[in-house]
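# Per-entry structural report
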Amino acid sequence: MAPSTSRGGYLPLSTDSRFQRSRWTVTRLIRNGPPAAALIALALVTGLFGGLALSAYGHRPESLTCLLPTGGSDTPSQYSTAPPTASIPTPSFHEEDLDLETLRDVVSRTKGYYARDYSMALGWNNMRYIIETALFHGVLLNRTVVLPSFVYARSCEFDITVCASYAPMVNRGDAVHSDEWRKLPEAEQMGWRIPLSVMVNMTHLRQTQPVILVSEYLRLHNLSLDHEASNGQWETEKYHQHASIFETDPTKKPSLHIIENHWYDPKGINRIDYIPDDMRSRGNWNPEGGAKGKGEVGSWGTQDKSRIYTFLAGALSGRQHVLEWDKARSILQGLGVGDVSTDEALEKTLRDNGWEVLYTYDGALGMEYIKNVVFPIRQVAPRDSLRGLKEDYGDVSADVLLVKGEIHYERKPAGLRFTTIDSRDKFSRLVLYNMRPTDSVIELAALLDSRMKEKTGGRMWMGAHMRRGDFVRTNWAMEKEFGDHLKRIKKHLSDGRSLLWSLRESDLTTYGVPDVSVDRSILKLSPPHENDKFYIATDERDPGNLAYLRDHGGVLASDLLTIEDRRKFGWPLMVTDVLGLVEQATLARGAYFYAHALSSVAGGALNIRAARGADPRTAVID
Ligand SMILES: *[C@@H]1O[C@H](CO)[C@@H](O)[C@H](O)[C@H]1NC(C)=O
Ligand SMILES: *[C@@H]1O[C@H](CO)[C@@H](O)[C@H](O)[C@H]1NC(C)=O
Ligand SMILES: *[C@@H]1O[C@H](CO)[C@@H](O)[C@H](O)[C@H]1NC(C)=O
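Being a predicted model, the structure only gives us computed values, none of them experimental. (Residues numbered from 1 in each chain as written. Chains lettered and ligands numbered in written order. Predicted model: local features only at pLDDT ≥ 70, side-chain atom pairs only at ≥ 80, totals over all residues. Heavy atoms only, no water.)

### Quick look at the overall build of the protein chain
For clarity, the threshold we go by: Here a helix means four or more residues in a row that DSSP labels H or I, a strand means two or more in a row labelled E, and each is numbered from the N terminus. We call two residues contacting when some pair of their heavy atoms lies within 4.5 Å. Only the protein chains shown count as cover for residues, and the accessible areas themselves come from Shrake-Rupley with a 1.4 Å probe.
Helix and strand counts for the protein chain stand at 25 helices and 18 strands. Restricting the contact set of the protein chain to residue pairs at least 6 apart, pairs at least 24 apart contribute 74%. When the accessible surface of the protein chain is split by element, carbon and sulfur atoms take 52% of a total near 26,300 Å².

### Some words on the site of ligand 1
Note the cut-off: If even one non-hydrogen atom of a residue comes within 4 Å of a molecule or strand, that residue is called near it. The term polar contact refers here to a pair of N or O atoms within 3.5 Å; inside protein, the definition further demands a hydrogen-donor-capable atom paired with an acceptor-capable atom, and it admits residues adjacent in sequence only when both atoms are side-chain atoms.
In the vicinity of ligand 1, the residues found are Arg109, Thr110, Lys111 and Asn142. In this structure, an oxygen atom belonging to ligand 1 sits 2.3 Å away from a side-chain N or O atom of asparagine 142. Notes on ligand 1: free accessible area 360 Å², of which the protein chains cover 31%.

### Looking at the sheet that holds strand β5 (residues 190-195)
How we decide: When DSSP finds two or more bridges between a pair of strands, those strands are recorded as paired. Axis definition: a line fit to C-alpha positions, over the contact stretch in the case of helices; interaxial angles, taken between N-to-C directions, run 0 to 180 degrees.
On the basis of which strands lie adjacent, the open sheet formed by 3 strands has the order β3-β5-β4 and antiparallel pairing. Here the strands that pair on one side only, and so sit at the sheet edges, are β3 (150-153) and β4 (169-171). Here the strands of the sheet are splayed against their neighbours by 40 degrees on average, with no regard to which way each runs. With 4 bridges connecting them, β3 and β5 associate as antiparallel partners. Considered in β5, the bridge of phenylalanine 150 is made with proline 195.

### Looking at the nonpolar core
Rule in force here: Here, nonpolar core refers to any group of buried Ala, Val, Leu, Ile, Met, Phe, Trp, Tyr and Cys residues whose side-chain atoms link them within 4.5 Å. Burial classes: relative accessible area under 20% of the type maximum marks a residue as buried, over 50% as exposed, and values in between as partly exposed (1.4 Å probe, protein chains only).
With 115 residues, the main nonpolar core has Leu147, Trp192 and Ile194 as its most contacted residues. Here the element with the most residues in this core is helix α6 (residues 124-141); it accounts for 10 residues. Setting aside residues up to four positions removed in sequence, tryptophan 192 forms contacts with Val151, Tyr152, Ala153, Arg154, Ser155, Cys156, Ile160, Cys163, Ala164, Ala167, Pro168 and Met169. The next biggest cluster of nonpolar side chains, apart from the first, holds 21 residues, and it includes Met466, Leu503, Leu546 and Tyr592.

### Overview of the sheet that holds strand β9 (residues 323-324)
Across the sheet, which stays open at both edges, the 3 strands sit in the order β9-β11-β10 with antiparallel pairing between neighbours. If you trace the sheet from one side to the other, it starts and ends with β9 and β10 (355-361), each paired once. Relative to strand β11 (residues 376-382), β10 runs antiparallel, the two being bridged by 7 bridges. From the neighbouring strand, leucine 358 faces β11, where its bridge partner is glutamine 379. Against the sheet, helix α18 (residues 421-434) touches β10 and β11, its axis set at about 20 degrees to β10.

### Let's talk about the packing of aromatic side chains
To describe a pair of aromatic rings, you give the distance between the ring centres and the angle between the ring planes. Applicable threshold: For this analysis, a ring pair means two rings from Phe, Tyr or Trp (six-membered ring only for Trp) whose centres lie within 6.5 Å, classed as stacked if their planes differ by under 30 degrees, edge-to-face if by over 60, and tilted for the remaining angles.
Counted by the stated rule, this structure contains 16 aromatic pairs. Measuring from centroid to centroid gives 6.2 Å for tyrosine 217 and tyrosine 239, while their planes differ by 50 degrees, and the two rings are tilted. Placement of tyrosine 217 in helix α11 (residues 214-220) and of tyrosine 239 in the loop between α11 and β7 (256-259) is noted, with a sequence separation of 22 residues between them. Summarising the aromatic geometry, the rings of tryptophan 234 and tyrosine 239 are spaced 4.7 Å apart at their centres and angled 85 degrees between planes, so their arrangement reads as edge-to-face. Note on accessibility: tryptophan 234 and tyrosine 239 belong to one class, buried.

### So, the pattern of salt bridges
Where we set the bar: Any carboxyl oxygen of Asp or Glu that lies within 4 Å of a side-chain nitrogen of Lys or Arg is treated as forming a salt bridge with it.
As enumerated under the stated definition, the model contains 34 salt bridges in all. One salt bridge in this structure joins aspartate 515 and arginine 429, with 2.5 Å as the shortest N-O distance. Linking aspartate 515 in the loop between α20 (478-502) and β15 (534-538) with arginine 429 in helix α18, this pair joins segments that are 86 residues apart in sequence. A relative accessible area of 54% means that aspartate 515 is categorised as exposed.

### Section: the environment of valine 146
With respect to the secondary-structure elements, valine 146 resides in strand β2 (residues 144-147). For valine 146, a relative accessible area of 1% corresponds to the buried category. It is 6.0 Å that separates the C-alpha atoms of valine 146 and valine 211, two residues lying 65 residues apart in sequence. Ignoring sequence-local partners within four residues, the contact set of valine 146 consists of Tyr113, Tyr114, Tyr118, Ile212, Leu213, Val214, Tyr217 and Trp234.

### Remarks on the environment of alanine 328
Looking at the secondary structure, you find alanine 328 in helix α15 (residues 325-335). Its relative accessible area of 0% is what places alanine 328 among the buried residues. Taking C-alpha positions, alanine 328 is 7.4 Å from valine 380, a pair spaced 52 residues apart along the chain. Residues contacting alanine 328, with those up to four places away along its chain left out, are Leu312 and Val380.

### Quick look at unusual backbone geometry
One non-glycine residue, asparagine 142, lies in the positive phi region at around 55 degrees. Taking the relative accessible area as the measure of exposure, asparagine 142 reaches 35% and is therefore partly exposed. Residue asparagine 222 is not a glycine yet carries a positive backbone phi of 55 degrees.

### Overview of helix α5 (residues 100-108)
Our working definition: Summarising the geometry, the arc corresponds to the directions from the helix axis toward the C-beta atoms.
Along α5, the residues classified as buried are Leu103, Val106 and Val107. With its buried residues spanning 95 degrees around the axis, α5 presents them on a single face. Looking at the buried positions of α5, the neighbouring elements they touch are β1 (113-116), β2, α10 (202-206), β6 (211-213) and α11.

Bear in mind that shape data such as this cannot, by itself, settle questions of function.
Pasting the structure below:
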């Protein structure tokens, strides 16, 4: 991670009068004229509209075009500056600013703040699970989690100037101090600063979780909102300049305790939530020991390593210092040592030999990209490799506790493993029920669901997420590859259709998630017919490919969305990442879902399906 800037990361304000003028024009059009007409005109004039939404909109309103900015001919340098704030009110998303007393009360019920260096270079679904991890740590440590006030959306459904008229546009590389995108065309380097409350229902989240935004932390400390770092890093000096406004002693600036990144889970260490009492006594836990220089509080008693301990330890390899439950059993079975006849017997054998059972979630295809919480599993690890987050950092008294750097790559959801099923279920509930999109997203997804049903004559419908490259494909030669991709999807949907025909009420089940009951509503509809239309969520934007998709039965979000929907939802729907939330929630309502394993988009959709009580057989990830 690049160090944060002394500028506080916000990019200089635009001095380009053309840019200001076009913002004003759009604002005026939206306030005074029919918004949808303005958007249509903008989109048509500024290009990049493609064949996607054109058919849904129809004609081009010539009379408006003279008022509008000509985005296509603008010089790229104009795009690397951001207007100060998004000034257009967003009624359907706007979360009322909490007053300072309310914020103080949230914080005072906890030991202080939990801060992270947020990886703002990542897309929403990655940010989402990083946020979920922070939220869980906050609960575990009894601290108020400080979340970034905004995230970066990575693409706009229309010309970039259209989105820039509603949300501050930045060059993402400049904003997060990364050269990752420098070689892309200028337009693809841009990002839009979207308030977190557009992506997550913050009001709902606050009901179960002590959480505030960086902007609220700044207000509480009488600091300008401009101080919020554009790259998501916690500013260890700037954010600590002033005492809280409720502090009578102005010299009492917030203190900081840093958890170094290499303390978190270095090689050979398994980060866990906390050490339960029975585990403490099995391992002669000494709360006074531990290497202070490595952030450790407490240590395991020394124990003779039995043959079984050593056999199992010999099988550990790679980054993950754990063994799968079944692998541990087969190793011991193969060696003919220990009682492994039942799960209970195996657990006892492990515990008697310095190993412990941990609870976590299965990845997909042996990798940890999907980060969902719907496939609970057990793993086993040597007891002396376990370090509890709560033991090590639960007693820190500093106002702000900060984990430096990233702790998600190759890690399990929550960035740790759980020592009890209860604790894992707490995290699952946070992900499945407390992190929720806004009502607008949920309502629009319900509407798109009903429109899909109309398209399939009231039958069950099936959907897929079709992940394509980040580049718009214009090359005719890509056609074949696209066709193959679609063929693969159709093959899976065909298997899905057979499955839906075979579903019986009596054998419907749910994912292994807490507080959910079987969704039987699916059986009220009749199963799909062979030539039924199917829903495709895709980042493909090449008109030829999209036409091909439609010719072969695919239905896109833009085919289902009406002008009414767009007006009601408001500007965020123009941002691809927000449309993505709607698509994810829509796919979660389909009778059958197919997606790719490397995608955290798919992971998010599975979470929603699980929370809804969908049968696990009705989704396939490959
Ligand atoms: C969290 O910390 C606050 C402030 O120290 C304390 O009043 C509260 O009891 C703690 N809550 C829990 C669950 O320990
Ligand atoms: C906030 O800071 C300003 C100067 O930056 C100062 O004038 C004002 O009194 C401060 N307010 C509080 C409540 O500390
Ligand atoms: C957030 O969720 C609450 C329910 O907890 C709901 O009443 C409210 O309307 C939601 N707000 C938004 C903006 O979606």
